[in-house]
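# Overview (structure and organization)
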Amino acid sequence: MTEGDRPEHVNRSELSGPADLVQARDVYGGIHFHPAESPRDDSTPRQLPGDVGGFVNRVDELGVLNGLLGDGPSGVTLAVITGTAGVGKTSLALRWAHAVRQGFPDGQLYVNLRGYDPGQPGEPAQILDRFLRALGVPPAAIPVDPDERAALYRSRLAERRVLVVLDNAATASQVRPLLPGTKTCLVIVTSRSTLSALLSREGGRRLTVPLLSENEAVTLLHEVTSVYRTDDDPAELAELARLCARLPLALRIAAERAASRPLMPLSELIQDLRDESALWDALSTDDGPDAEAVRTVFAWSYRALSPPAARLFRLLGLHPGPHVSVAAAAALAGVPPARVRQPLDALVGAHLVEQRDPGRYQLHDLLRAYAVDQAHDVESDEERRAALRRVLTWYLRSAEAALARTLPFHRGLPVEASPELAPLAFTTAAEADAWLATEQDNLVAAVLTAADAALPQVAWQLAVLLRGFFMHQNAFDPWFATARAGLAAARSLGDRHAEAEALESLGKAHFQARQLREAEEHHRAALAIRREIGDEHGVAVSVNALGLLALRHRRLDDALGHFGASLDVFARRGDQRWQALLLSNLAEARYELGDLTEAVPLLEQALAVQRAIEDRGQEGNSLFFLSMTLRELGRLDEARAAIDRALAIADGTSQLWLGHWLVEHARTLRAQGQPDEALVATHRAATIQRRLGDRSREAMALDGAGEAYRELEQPEQAVAFHVRAAAVHRQLGDDWQLALTLDHLATALVDLERGDEGDRWRREAVALLSRFPDGRAVTLRRHLTAALQRESDRPTG
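Below is a summary of the structure that appears in this document. (Residues numbered from 1 in each chain as written. Predicted model: local features only at pLDDT ≥ 70, side-chain atom pairs only at ≥ 80, totals over all residues. Heavy atoms only, no water.)

## Observations concerning the sheet that holds strand β7 (residues 354–357)
Rules: When DSSP finds two or more bridges between a pair of strands, those strands are recorded as paired. To qualify as a helix, a DSSP run of H or I must reach at least 4 residues; to qualify as a strand, a run of E must reach at least 2; elements of each kind are numbered from the N terminus.
Within the open sheet, the three strands sit side by side as β6-β8-β7. Their pairing is antiparallel. In this open sheet, the two strands that pair with only one neighbour each are β6 (324–325) and β7.

## Some points on the environment of Leu 669
Rule in force here: Three labels apply to residues, based on accessible area from a 1.4 Å probe with only protein chains included: buried if under 20% of the type maximum, exposed if over 50%, partly exposed otherwise in between. Any two residues having at least one pair of non-hydrogen atoms within 4.5 Å are treated as being in contact.
Positionally, Leu 669 belongs in helix α31 (residues 655–671). Exposure remark for Leu 669: the relative accessible area of 2% places this residue in the buried category. Apart from the residues within four sequence positions on either side, Leu 669 is in contact with Arg 640, Gln 674, Glu 677, Ala 678 and Ala 681.

## Some points on the sheet that holds strand β1 (residues 78–82)
Two orientations exist for strands paired in a sheet by backbone hydrogen bonds: parallel and antiparallel. To be explicit about the condition: Axes here refer to lines fitted to C-alpha atoms; in helices the fit is confined to the stretch in contact. Angles between the N-to-C directions go from 0 to 180 degrees.
The strand order across the open sheet formed by five strands is β2-β3-β4-β1-β5, and the pairing between neighbours is parallel. A strand with exactly one partner marks an edge of an open sheet, and here the two such strands are β2 (108–112) and β5 (205–208). Strand-to-strand twist in this sheet, taken as the mean axis angle between neighbours without regard to direction, amounts to 15°. Where β1 and strand β4 (residues 186–191) come together, five bridges link them in parallel fashion. Within β4, the position partnered with Leu 78 by the bridge is Val 187. Sheet strands touched by helix α3 (residues 59–66): β1, β4 and β5. Its angle to β5, the strand with the most contacts, is close to 170°.

## Focus: helix α5 (residues 124–134)
Along α5, the residues that are buried comprise Pro 124, Ile 127, Leu 128, Asp 129, Phe 131, Leu 132 and Ala 134. Tucked inside the fold, the buried residues of α5 contact β2, α6 (146–157), β3 (163–167) and α7 (172–175). Count one or two residues on from α5 and you reach Gly 136, which has phi positive near 95°.

## Focus on the pattern of salt bridges
A pair can form between side chains of opposite charge whenever their charged atoms are brought close. Selection criterion: Take a side-chain nitrogen of Lys or Arg and a carboxyl oxygen of Asp or Glu: if they are within 4 Å of each other, that pair is a salt bridge.
Tallied over the entire structure, the rule returns 50 salt bridges. Taking the shortest distance from any N to any O, the salt bridge between Arg 133 and Asp 129 comes out at 2.7 Å. One end of the pair, Arg 133, and the other, Asp 129, are both in helix α5, four residues apart, so they sit about a helical turn from each other. The partly exposed category is assigned to Arg 133, whose relative accessible area is 26%. For the salt bridge of Glu 536 with Arg 572, the shortest nitrogen-to-oxygen distance reads 2.5 Å. Taken together, the residues Glu 536 in helix α25 (residues 536–553) and Arg 572 in helix α26 (residues 556–573) connect sequence positions 36 residues apart.

## Things to note about the packing of aromatic side chains
The way to describe two aromatic rings as a pair is by their centre distance and the angle between their planes. Definition in use: Classification of ring pairs rests on two measures: the distance between centres of Phe, Tyr or Trp rings, Trp counted by its six-membered ring, which must be within 6.5 Å, and the angle between planes, read as stacked under 30 degrees, edge-to-face over 60 and tilted in between. Only when the NZ of Lys or the CZ of Arg is both within 6 Å of the ring centre and within 35 degrees of the ring normal is a charge said to sit over the ring.
Counting across every chain of the model gives 17 aromatic pairs. Taking the centre distance of 5.8 Å and the plane angle of 45° together, the rings of Tyr 302 and Phe 313 count as tilted. With Tyr 302 in helix α13 (residues 289–302) and Phe 313 in helix α14 (residues 307–316), this residue pair connects regions lying 11 residues apart in the sequence. The burial state of Tyr 302 is the same as that of Phe 313; both residues are buried. Here the aromatic rings of Phe 476 and Trp 479 are separated by 6.3 Å at their centres, their planes lie at 10°, and the arrangement is stacked. In this pair, Phe 476 and Trp 479 both sit in helix α22 (residues 476–493), three residues apart, roughly one turn of the helix. Here Phe 476 falls in the buried class, since its relative accessible area comes to 2%. For Trp 479, a relative accessible area of 0% translates into the label buried. One aromatic cluster is present, formed by Phe 298, Tyr 302, Phe 313 and Tyr 370 through successive ring pairs. Between Arg 554 and the ring centre of Trp 736, over which it is positioned, the NZ or CZ distance is 3.4 Å.

Set out below in structure tokens:
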């Protein structure tokens, strides 16, 4: 499949254009596309983390939150929970969210914005992408522009009852784009800041969480320790609570340490903590008593760890991403995974690390900052750099293994092997895809961290590898971020080969995002470098990319020239897969030029190679083009056989291929006199494309449905479908597809004896086609001009 056969990102704003095209009613549900298969995805996100165990009191605060649920205009839609670090803001928000989630039947969204984390805070645009996917928006339907993304988010939440929890926000600017803007949703924000600017502009309620009272703090200690310690003096528990500044985070850590030493008198534990406090007071700056108490408890618990657990805790502070797996933790420590499980369990038991999901761990931002401090105090610069290199290299090699499994013809990079650092192994493509999806945030962070940590080789290689994942997800934010970091890293090395690879990645990202000018700039820059350094393979790849751009612009002679030049290189190099791909691309260009008899042998040659090397995806794409060509040559039985074989490849393998190829299946069915079956195929295609978010191909399916309805002698239905398809093509600026659809619309209007309206659209189609000099465009323009002449010659009255 060529790059152009992947679902491209397009503008997702509301329809625009002439009133005649805007006023089309929703063609789904009202015109024989069944309501049960409405394109709206009713996905219900359930993103809340698990409820907090050992939650104590906070009755007053829970009562205030319950009061936010009032109906009518007095109901509050935004609440900001503020308080000092470690006071239990997140625990309170999650406890209440779990208690009331049934009141929000359309779902709950949750994100940790990491506003105070030593690493990168969450960016609103990235969070919007995550939320939109959770709300059922296909990746390809998510806009690149942050404002459009926020608008789509608000549209998806309109009239829905959704609870949104935004945890650990640092600034109003982090929160504002994530507000639904509807009275049916409630947003809970936790922050150490009062976020006054947010509340003054957006309205809402602030709830300040105080320190626990002494009784509440003692109760929390007692709940954690009572099973293990039955005779502790309440006065000593109160003293322990005071030493912890009555902060829940510190209290839980201290309680866990007491519970793990049931035979040690509490007085001795308290004296240890006092000694730690005195030591910390001598070393720390004046950050206030609460901060000092928290750090004291951290240090007290940390010093009780075994050496392996203490070392792992320090190194976890260096991990680039927000959460870490067992295997990644092992890479950090430079030990086999089996040797890291016990230290991880010890850290979880000491409440120094959280385990939110099986096999995945994270640190509270305060604990991560403390771990970073300890790593700088204890580990040498060389040891810290070695740990970082190990984990970043592990991510690089594991990503390489995943892509090799999920992409059958993946062309790998010369990644440095490390016998003592085994990457993950994947037995199936589904397993590899799942790992890439789970680790996406960490992989992005790994690229950016490698670039910042003067590890440019890892940065550019991982960035280039990840494009193979991002291009199938339309994940433009991480794709652009990593590709740009990879380009900067390659340039810092002075590695021209790496620079060309990074430029190619950016070219592909811009191409897929329909930013064609930027795509051409990057592909031409890559081509210039590859010619300069004598990279023959790379030159041919870049020339093919320019051919695809020419094909998209319908500069068909240019496309032929680029594809032919690229084919010559790959033929000389003996690269069978690329030869077959270029033969198929040449055939597509020939088809678009109307040179059908020349396209057929090109496709037959391509298919022979693709079958020999078992390149199923490319074989299906060539069969798709072969069906189109044979159908127009009138060889309908052969065309039907070709598209049936293509669909057999796609079915159960790729919804992307299936949705695209079903439209040609429908055309073949109509040509064979089966418009009713063709309508079923276009319905299926439109449903798939709406789910994938490819509006261009969805519009092609809708246009095909209109053609089927016209042949079923239902011209009113045909007009409605053509109107919707034309509106989308107009919005996307696709003049060629718009001209084709306007021709079909005009024909249906003539069937309804509305010839004047039809002539209007035919005249516009003629004007559009005048921009294209190729034979197919000239033939269609002549057809439309002749139809206009026939209409003008028709007697009136």
